[in-house]
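# Chain and residue survey
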Amino acid sequence: MKINPFKALRRIAPLNAAAVLFIAGMIVNGAGAADAETIRFTGTSADSDSSAVSAEGSTVTISAAGSYRLTGELADGRLVVDPEDGANVVLIFDGVSIHSSTGSPLAILNGKETEIVLADGSVNNLSNARATVSPDPETDEPNAALYSRADLTISGTGTLNLTGAYNDGINGKDTLTINGGSINVTAVDDGIRGKDALTVNGGKLTVTAGGDGLKSDNDSDAAKGTITISGGELEIVAAGDGVSAYTGVIVSGGTATIQSGGGYQSSVSSDQSAKGVKAGSDIRIEAGTLTVSAAEDGIHSDGSIAIQGGEIVLSAGDDGIRAESALTIDGGAVTVRTAYEGLEAADITLNDGTVTVTSQDDSLNISDGSGGSQDGFGFGRGGFEVTDGKLTINGGTLLVTTVSGDSLDSNGGLEINGGLVLINGTTSNGNGSLDVNGSFTVNGGTLISVGSAGMAQVPDAASAQNLVMITVSGGTGGELVHIGDANGNGLMTFEPTTDWQALYFSSPELEIGETYTLSVGGTVSGSEIFGYYPDGEYSGGTVLETFTLTSNITTVGSGGFGSGPGGPGGGPGGPGEFDRPGGGRR
């Protein structure tokens, strides 16, 4: 019985990596391989027994559907795949090298779907030598080391090296799916492009690009221009964006390491985009591992961002994560190692997961990006503009270190309903660990925050959970801070990393009418998270304050507490990366 290799491989996408490799192996080594016509490149031309293969000088053309095994070397020429409309073609790369000094060494000009299978153990090369970028890369001219106008799928276990000195490494004008293989791309412009959709289900991809690393840029259909990563290992170094989709990005598996614009310590010109992962509409991260070093934002969406799982580590020259609309975190581990601002969006909601942010300026910032008053907006604490946005913490763990800005900065509201929030705020009295222009309530969870006192503010009386704010003349970073009740029971032991003047503490254990002590120094045993000892045994220490909780919002101390609000939130965001109403890109 004959196996149709193309139909078999088309079923790979929803399978796991092991199934992908198994099916690809069947096609390369089994019945599908036996049916394949062989094309042997001979240096300047090619030999084949197939009537569908012709050679005119150094240009070899495939003109009919079928399976073709490619071997040998073409020193300066090209392979053209130009079958009838609706044809399916399978190309088995089994130790083939094609170089072109004038254009694309492999140009797929017609057909419905083309499959490239990298034979097990094979090393294959496609390269060109025109070291310029096409003046009009949007035209249909073959302008990549691998160029395709048909839907293209790459599978197998072999190696494919691509050098695109004429625009892109791979340019798929329709959909491009990568299921396997070791694929190494060096391109003067974009590394791997699937105009309608780019999907990576498996394989090992190494991309070095003078433009964007992975790209999908169909701007005429709302269902296209998408990038999906469900598996594989990706290492991307791009002068532009690491991953750029006009519409949306979905990450549901795999491991990706991305450097864009030279990394987080680099700067780029104002007309250059150098973000780690960028989308014009929505980004959803469900699983997988993502490590980014970006000259601009680590992850950026002109719409919304939803993080449901996975492990994300970001270093960014601008924002760690920026959503023009909403940022929602329902799970996973998100670490912003360093950034100018940590997380920024019109609305941020933390429901679950662990979020760790270290930033130079505001760590979490609610901003509508307008930079000025708009119709329908009122003015809140101290006369500062109040937007409709809100920072909502319902659960999870939020760990924040802020060098010089506000830690939680909301131009709208702040609502803490649950979870664990630990903050090492700035020592600058021009900023505060909590800076809210609109409503500010604490209704649940555990909040421990230290920082400066100059711009300190307390939650609204409508808060459902008790909170105490204590100011001192000078708390010391690295020295334990402990709150205990009159019976010697510990409610909180925390070791801040920074000096401080104001301490916020809110917990379900705080009770109105009870007396507590604030101590510093001493010792503690037990496990800790971010300097917090939830079940630690505390001893010793020096008592700084003894106080009674007189209301749900109690202030204690005389170390410079000011009840006024902090300053307005971080600077306005710029326009979106994609000008979606006009249908074109900025």
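Notes on the structure follow. Source: prediction; values computed, not measured.

## Some details on the overall build of the protein chain
Across its full length, the protein chain holds 3 helices and 53 strands. Taken across its 586 residues, the protein chain has 55% of its residues classed as buried. Contacts spanning at least 24 positions in sequence make up 56% of the contacts within the protein chain whose residues lie at least 6 apart. On the protein chain, roughly 20,800 Å² of surface is accessible, and the fraction owed to carbon and sulfur atoms is 46%.

## Structural notes on the pattern of salt bridges
Taken as a whole, this structure holds 12 salt bridges when the rule is applied. Among the salt bridges present, the one from Glu-296 reaches Lys-275, with a minimum N-O distance of 2.9 Å. With Glu-296 in the loop between β26 (282-294) and β27 (299-301) and Lys-275 in the loop between β24 (248-260) and β25 (277-279), the pair connects residues that are 21 residues apart, well separated along the chain. Through salt bridges with shared partners, a single ionic network connects Asp-319, Arg-322, Glu-324 and Glu-344.

## Examining the pairing of strand β36 (residues 397-402)
Of all 6 residues in β36, 5 are buried, a share of seventy percent or more. Across 6 bridges, the pairing between strand β33 (residues 354-359) and β36 is parallel. If you follow Thr-356 over to β36, its bridge partner there is Leu-399. Here 5 bridges tie β36 to strand β39 (residues 420-424), and the two strands are oriented parallel to one another. Among the inter-strand pairings, Val-400 is bridged to a residue of β39, identified as Ile-423.

## Quick notes on the sheet that holds strand β45 (residues 490-494)
Judged by pairing direction, the sheet is antiparallel, and its 4 strands sit side by side in the order β45-β44-β47-β50 without closing on themselves. The sheet is open, and its two borders are formed by β45 and β50 (542-548), each paired with just one other strand. Ignoring strand direction, the axes of neighbouring strands in this sheet form an average angle of 15 degrees. Sheet topology places strand β47 (residues 515-520) next to β50; 6 bridges connect them, and they run antiparallel.

## Considerations on unusual backbone geometry
Of note, the phi angle at Asn-167 is positive, near 70 degrees, even though the residue is not glycine. Tracing the backbone shows Asn-167 in the loop between β13 (159-164) and β14 (168-172). Here the phi dihedral of Phe-530 falls at roughly 60 degrees; this positive angle occurs in a residue that is not glycine. With respect to the helices and strands, Phe-530 occurs in the loop between β48 (523-525) and β49 (537-539).

## Quick word on the packing of aromatic side chains
Aromatic ring pairs are described here by two measures, namely the spacing of the ring centres and the angle between the planes. Considering all chains together, one arrives at 1 aromatic pair under this definition. With a centroid separation of 5.9 Å and 35 degrees between ring planes, the pair formed by Tyr-516 and Phe-547 is classed as tilted. You can see Tyr-516 sitting in strand β47 and its partner Phe-547 sitting in strand β50, a full 31 residues away along the chain. No difference in accessibility class separates Tyr-516 from Phe-547, as the two residues are buried.

## What to know about the pairing of strand β3 (residues 53-56)
In the sheet, β3 pairs with strand β4 (residues 59-62) via 4 bridges, with the strands oriented antiparallel. Counted as the bridge partner of Val-53 is Ile-62 from β4. Hairpin connection of β3 to β4: 2 residues between the antiparallel strands, including Gly-57 at a positive phi of 65 degrees.

## Quick word on empty space enclosed by the protein
For the structure shown, the criterion picks out 1 cavity of 30 Å³ or more. Of the volumes computed, that of the largest cavity is approximately 50 Å³. Breaking the lining of the largest cavity down by element, the ones donating at least two residues are β32 (341-350) and β35 (390-393). It is β32 that provides the largest number of residues to the lining of the largest cavity, a total of 4 residues. Broken down by class, the residue content of the lining of the largest cavity amounts to 9 nonpolar, 1 polar and no charged.

The rules behind these values
- Residues numbered from 1 in each chain as written.
- Predicted model: local features only at pLDDT ≥ 70, side-chain atom pairs only at ≥ 80, totals over all residues.
- Heavy atoms only, no water.
- Helix = DSSP H or I, 4+ residues; strand = E, 2+ residues; numbered from the N terminus.
- Buried < 20%, exposed > 50% of the residue type's maximum accessible area, 1.4 Å probe, protein only.
- Contact = heavy atoms within 4.5 Å.
- Areas by Shrake-Rupley, 256 points an atom, 1.4 Å probe, with all protein chains shown as cover.
- Salt bridge = Lys/Arg side-chain N within 4 Å of Asp/Glu carboxyl O.
- Pairing = 2+ DSSP bridges.
- Axes fitted to C-alpha atoms, helices over the stretch in contact; angles between N-to-C directions.
- Phe/Tyr/Trp six-rings, centres within 6.5 Å; stacked < 30°, edge-to-face > 60°.
- 1 Å grid on protein atoms, 1.4 Å probe; cavity = no way out; pocket = protein on both sides within 12 Å on 5 of 7 lines; lining within 4 Å.
- Points joined across faces, edges and corners; volume = space filled by probe spheres on them.
- Nonpolar A, V, L, I, M, F, W, Y, C, P; charged D, E, K, R; others polar.

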